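Secondary and tertiary structure notes
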Amino acid sequence: MSDPVGDVAETRRRPGVSDELTRSLSSIWERHAGGRPNDVSIEISGDVVKFVIRDAVIAVPDENGDGSEPAELLSPDSPGYRHEVITAVGRITRRRVRGFIPKRDPKIEVASDTFILEPVHIAR
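The following paragraphs examine the structure supplied in this document. (Residues numbered from 1 in each chain as written. Predicted model: local features only at pLDDT ≥ 70, side-chain atom pairs only at ≥ 80, totals over all residues. Heavy atoms only, no water.)

A closer look at the pattern of salt bridges
Considering all chains together, one arrives at 9 salt bridges under this definition. Close ionic contact of glutamate 30 with arginine 36 constitutes a salt bridge, the shortest N to O distance being 3.1 Å. In this structure arginine 36 comes out as partly exposed when scored by relative accessible area, which is 44%. It is possible to trace a salt-bridge network through shared partners that takes in Asp77, Arg104 and Asp113. (Salt bridge = Lys/Arg side-chain N within 4 Å of Asp/Glu carboxyl O. Buried < 20%, exposed > 50% of the residue type's maximum accessible area, 1.4 Å probe, protein only.)

Pasting the structure below:
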């Protein structure tokens, strides 16, 4: 048998990338959202990584404890969260992240973070 012709899937090149991404991104989500997500999945397709969080818990505590001011640093929509997940995806995939697209749907409690990766340069 011969290897299939064309691009080799990211997960075939480095076994465990999907599991490592799931653990890392879930941990970062938990730290910033205030609760562990109930159901998460990672989809890796070419230059795109999509992290989907179902039953997304977003409990943003306030700094003063009186409900007057939300704590920016503990939000999954904060610059701190964005920086942490982009850094984690880059480190785990060993590729530069070119784009980050967060989507939140509070009605159905689903959140997703899509990462666009730098294409792999193949010398010819």
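Here the narrative resumes.
Digging into the nonpolar core
Ranked by internal contacts, the top residues of the largest apolar core, which has 21 residues, are Leu21, Leu25 and Phe115. Of all the secondary structure elements, the ones that give two or more residues to this core are α2 (17-33), β2 (48-54), α3 (79-93), β3 (97-105) and β4 (110-117). Considering every element that reaches this core, the biggest residue donor is α2, with 6 residues. Every residue in contact with phenylalanine 115, bar those within four places of it in the chain, is listed here: Leu25, Asp47, Val48, Val49, Phe51, Val85, Ile86, Val89, Val97, Gly99 and Phe100. (Core = buried A, V, L, I, M, F, W, Y, C linked by side-chain atoms within 4.5 Å. Helix = DSSP H or I, 4+ residues; strand = E, 2+ residues; numbered from the N terminus. Contact = heavy atoms within 4.5 Å.)

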